[in-house]
Amino acid sequence: MSAVLEQIKENLMKGKANDVKALVQQALNEKIGAADILNKGLLAGMGVIGERFKKNEVYVPEVLIAARAMKSGMEILKPALAAAKVEPRGVVVIGTVKGDLHDIGKNLVGMMLEGGGFKVVDAGINVEPAKFIELAKQNNASLIGASALLTTTMTNMKEVVDAVKASELAGKVKVMIGGAPVTQAFCDEIGADGYAADAASAADLARKLAK
Ligand code: B1M
C-alpha cells in the first residue's frame, strides 16, 4: 500500500486532525484515487479504532478525537469523492427516542457510522416516531437508528418499529437500536431488525443490515 495511505491511517488513529488533512491533500496531489484514500486510509484507521474500542483498549475520548481527524480528512476529500461518484454505503437517520435527552452515545454511534462510510442524518434528541419516518423518507434512508438511555423511554423504540411497519417504508427501511438499558432480548421482543451494544458494533451491524 502507498506510504501516504498508511500515514493517513496511522495519523487518524492518533487523532492528528491537521496532519490527516495535509496527508489527504498530499495523496490527492499524488493522484491516488479518492476511493482508495477513503477506504485504505480514513476508513481503515477508523476501523482499527472501532475494534480497539470494542475490546476496551481505547475509550470514548480516543474515539472522539479519531472521529474529528476523520472529519478533517473528509472535508478535503469530499469534492474528489463526488467527482469520482463514490456513493456512501447508505443513509442512516439516527436519533434519541421520544422523552429521552441523552445524546453522547448517539453522537458517538453517528461518528462511527460516518467512519464506516455511511451518510448520517442526525434527528437529534426527543425524536417522535413520525419524525424518524419523515427524515427517512426525505433522505432516502436504508436504516433508522434509535438510541435510548432510560428504562422509561426504551419502550418508545417499539413505537418507532411499529411506525416503520405501518408506513410505506415497511420492508425497505430497517431499524437498529441501542443504548445502555437495551438488550438483544428487548430487540427481539419489539421486532427491531438489530441491536448493537456499542458504537463500533453499531457500524458493523449497519453494514450487515444495509446489504
Ligand atoms: Co442521565 N441517566 N438522566 N443524564 N445519565 C443515566 C442514563 C442513568 C443510568 C444514571 C443513573 O441513575 N445511574 C439513569 C437512567 C436510569 C434508568 O433508566 N435505568 C439516568 C437518569 C435517571 C436521568 C434523569 C431522569 C435524571 C433526572 O433528571 N432525575 C434525566 C433524564 C432526562 C431525559 O432524558 N429525559 C437524566 C439527564 C441526564 C443529563 C442531561 C444530565 C446527562 C445527559 C447529557 C447528554 O447526553 N447530552 C445525563 C448523563 C450524562 C447520564 C450518564 C451519567 C452517562 C450517559 C452517557 O453519556 N454515557 C448515565 C449513567 C451512565 O451511563 N453511567 C445516565 C456515555 C455514552 C458513550 O454511553 O450512552 O451508553 P451510552 O452509549 C453507548 C452504548 O449504549 C451504545 O453505544 C454508545 C457508545 O459505545 N449506544 C448505541 C447508544 N445508543 C446506541 C444506538 C445504537 C447502537 C448502540 O443503534 C442505533
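Only a predicted model underlies this, so the values are computations on that prediction, with no experimental measurement involved.

A. Highlighting the coordination of the cobalt atom of the ligand. Only one protein atom coordinates the cobalt atom of the ligand: His102 (NE2), located 2.2 Å from the metal. Within the secondary structure, histidine 102 sits in the loop between strand E1 (91-97) and helix H5 (104-115).

B. Just the environment of asparagine 11, in detail. One can find asparagine 11 in helix H1 (residues 3-13). For the pair asparagine 11 and lysine 21, spaced 10 residues apart in sequence, the C-alpha to C-alpha distance is 9.8 Å. Aside from chain neighbours lying at most four places away, what touches asparagine 11 is Lys16, Asp19, Val20 and Leu23.

C. Main features of the pattern of salt bridges. Overall, the coordinates contain nine salt bridges when judged by the stated rule. Put simply, aspartate 162 and lysine 158 hold a salt bridge, and the shortest N to O gap is 2.8 Å. Note that aspartate 162 and lysine 158 are positioned in helix H7 (residues 156-165) at a spacing of four residues, about one turn of the helix. Judged by relative accessible area, aspartate 162 falls into the partly exposed class, the value being 32%. Through salt bridges with shared partners, a single network forms among Glu51, Lys54, Asp204 and Arg207.

Parameters and conventions
- Residues numbered from 1 in each chain as written.
- Predicted model: local features only at pLDDT ≥ 70, side-chain atom pairs only at ≥ 80, totals over all residues.
- Heavy atoms only, no water.
- Donors = N, O, S within 2.8 Å, 3.2 Å for Na, K, Ca; no water.
- Helix = DSSP H or I, 4+ residues; strand = E, 2+ residues; numbered from the N terminus.
- Contact = heavy atoms within 4.5 Å.
- Salt bridge = Lys/Arg side-chain N within 4 Å of Asp/Glu carboxyl O.
- Buried < 20%, exposed > 50% of the residue type's maximum accessible area, 1.4 Å probe, protein only.

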